[in-house]
Amino acid sequence: MWTMSDVEPSTTSTSSPVSVPTPSRARPKPGELNFSAPRVGKPPRHLADLDPAERKAAVEALGHKGFRARQLSTHYFERLVESPQEMSDLPKAIRDDLVARLLPQLLTPIRTLAADKGRTVKSVWRLHDGALVESVLMRYPKRVTLCISSQAGCGMNCPFCATGQEGLTRNMSTAEIVEQVVQAARFLRRGTMSVRDLAGGAEGVPLRVSNVVFMGMGEALANYNAAIGAIRRITDPAPDGLGMSARGITLSTVGLVPAIDKLAAEGIPITLALSLHAPDDKLRNELVPINTRWPVDEAIDAAYRYFEVTGRRVSIEYALIRGMNDQGWRADLLGTKLNARGRGWVHVNPIPLNPTPGSRWTASDPGVEREFVRRLRALGLPTTVRDTRGSDIDGACGQLAAATA
Ligand code: SAH
């Protein structure tokens, strides 16, 4: 058993009592979908909300020279500067004004929890209006993956997902999404996760975020503009952005078909993951309520078009739920439907269900899981079971509910 422990008590963790906001809306009824986030006070404008031209205009509108925008970008995206005092190329008076107007604090750390011998770290953040979101940093032998949130809560109401059961509180802004990556990059730079037994260079060499997955709270495609803005900031070369490879980014969706097509046309080669969870409409209508609008075949067709346009192999997520969706015939039907579109375009990712509070569902038996995987592989589909990092700290898939903070 891993023990839950607070890490970095001095900087990123507070054990003070946390005021948890009351949810802004009632829990959704079964099957109810919510696309329109409640309108709340906008988060303060931040450098990361703006593209380079907009940053220059914003700096000039504040009465400063345009080149200050690039200096600020260098501090924020390239040097990951945490304190304004380090921005020594900006005269003090200018610095205070620019920092106050363009680098407001967006995420306040509430708790930081570690599991898996420190290789998994969950952060709970408070946004300016009290909404809580979470991100999870996972260290693997050859990569460091950050799982980020794109909405506070989620409107997609999947009954097996803890976030879905909380309902949608609000959309996050581009900068709020990006700031999770910047915070993780700073955390890694402090060396907290550099342990000897794992790769990533010599001991003491700080790690970097190599992969970002939109698999935390929220349906990123239901917050399309902010999510795309964040992807651009994350991938734009420094100092305009963080300079990460688009190939290291995965966006997971319930299958909002028009948004999948729009994403394909953006020309950013990120990986798309489709949360399928059932190959037949009858069951998927129940497990992923959006299926009543875009059924299984339309969702798979959109995923295939995404592959055709981007050349990026799509990933199919399938949470294995005991006695619900884990039958051999469903594995065969899934394999047949995927192969009907073509070969070599898709990868299947079964995920053992993480039980959520109040749900009577649980993960499939190991033997049933093995048989499900065997059948898919027999049909020629590359299939890997996803590990369930962080389940002890409610950081695993579907467990990121603000209520757990
Ligand atoms: N809204 C997006 C991303 C959020 S969750 C989406 O639905 O794809 C990321 C993945 O975790 C999704 O595939 C989701 O279906 C899965 N998931 C949610 N709850 C889960 C649970 N309790 N156990 C295992 N996987 C879960």
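Now for a look at the structure at hand. (Residues numbered from 1 in each chain as written. Predicted model: local features only at pLDDT ≥ 70, side-chain atom pairs only at ≥ 80, totals over all residues. Heavy atoms only, no water.)

### So, the site of the ligand
Defined as follows: We call a residue near a molecule or strand as soon as one heavy atom of that residue lies within 4 Å of the molecule or strand. Two N or O atoms form a polar contact when they lie within 3.5 Å of each other; inside protein one atom must be a possible hydrogen donor and the other a possible acceptor, and for residues adjacent in sequence the pair counts only when both atoms belong to side chains. Using the Shrake-Rupley algorithm and a 1.4 Å probe, accessible areas are obtained, with residue cover drawn only from the displayed protein chains. Numbered from the N terminus, helices here are DSSP runs of H or I no shorter than four residues, and strands are runs of E no shorter than two. Just so you know the grouping, Ala, Val, Leu, Ile, Met, Phe, Trp, Tyr, Cys and Pro go in nonpolar, Asp, Glu, Lys and Arg go in charged, and all remaining residues, Gly too, go in polar.
If you check the shell around the ligand, you find 19 residues, and the closest are Phe160, Ser252, Ser275, His277 and Asn354. A distance of 3.0 Å is found between a nitrogen atom of the ligand and a backbone nitrogen or oxygen belonging to phenylalanine 160. Between a nitrogen atom of the ligand and a side-chain N or O atom of glutamate 219, the distance comes to 3.0 Å. If the ligand stood free it would expose 530 Å²; the protein chains cover 96% of that surface. Going through the elements one at a time, β9 (249-253) and β11 (314-320) are the ones with two or more residues in the shell around the ligand. Its residues placed into classes, the shell around the ligand shows 8 nonpolar, 9 polar and 2 charged.

### Section: the nonpolar core
Keep this limit in mind: Only buried residues count toward a nonpolar core, which is a set of Ala, Val, Leu, Ile, Met, Phe, Trp, Tyr and Cys residues joined through side-chain atoms within 4.5 Å. Classification of residues uses two cut-offs on accessible area relative to the type maximum, computed with a 1.4 Å probe and protein chains only: under 20% is buried, over 50% is exposed, and between them is partly exposed. Contacts are residue-level and defined by heavy atoms, with any inter-residue pair within 4.5 Å sufficient.
Core analysis: the biggest nonpolar cluster contains 111 residues, and Phe214, Leu251, Leu256, Leu263, Ile270, Leu287 and Leu338 have the highest contact counts within it. The element contributing the most residues to this core is helix α5 (residues 174-189), with 9 residues. Setting aside residues no more than four positions away along its own chain, leucine 338 makes contact with Ile300, Ile316, Trp345, Val346, Val348 and Leu381. With 7 residues, the next largest nonpolar core counts Val136, Cys147, Val213 and Ala273 among its residues.

### Describing the pattern of salt bridges
Threshold: In the sections that follow, a salt bridge refers to a side-chain nitrogen of Lys or Arg positioned within 4 Å of a carboxyl oxygen of Asp or Glu.
Per the counting criterion, the structure on display carries 20 salt bridges. For aspartate 280, the salt bridge goes to arginine 330, with nearest N and O atoms at 2.8 Å. Of this pair, aspartate 280 sits in the loop between β10 (271-275) and α8 (281-287) while arginine 330 sits in helix α10 (residues 328-341); the two residues are 50 residues apart in sequence, bridging distant segments of the chain. We note that aspartate 280, like arginine 330, is buried. Here arginine 386 and glutamate 317 are joined by a salt bridge, their closest N and O atoms 3.3 Å apart. Placement of the pair is arginine 386 in the segment after α11 (366-378) and glutamate 317 in strand β11, with a sequence separation of 69 residues. Members of the salt-bridge network, linked through shared partners, are Asp297, Asp301, Lys337 and Arg341.

### Here's the deal with unusual backbone geometry
With the exception of glycine, the majority of residues adopt a negative phi angle, and the majority of peptide bonds are in the trans configuration. Following alanine 238, the chain continues into proline 239 via a peptide bond in cis, with omega recorded as 5°. Mapped onto the fold, proline 239 is located in the loop between α6 (224-235) and β9. Phi angles above zero are rare outside glycine, and leucine 80 is one such case at about 55°. Looking at the element boundaries, leucine 80 is found in the loop between α2 (68-78) and α3 (92-102). Exposure remark for leucine 80: the relative accessible area of 12% places this residue in the buried category. Even without being glycine, asparagine 157 reaches a positive phi, approximately 60°. Topologically, asparagine 157 is positioned in the loop between β6 (151-153) and α4 (162-166). With a relative accessible area of 3%, asparagine 157 lands in the buried category.

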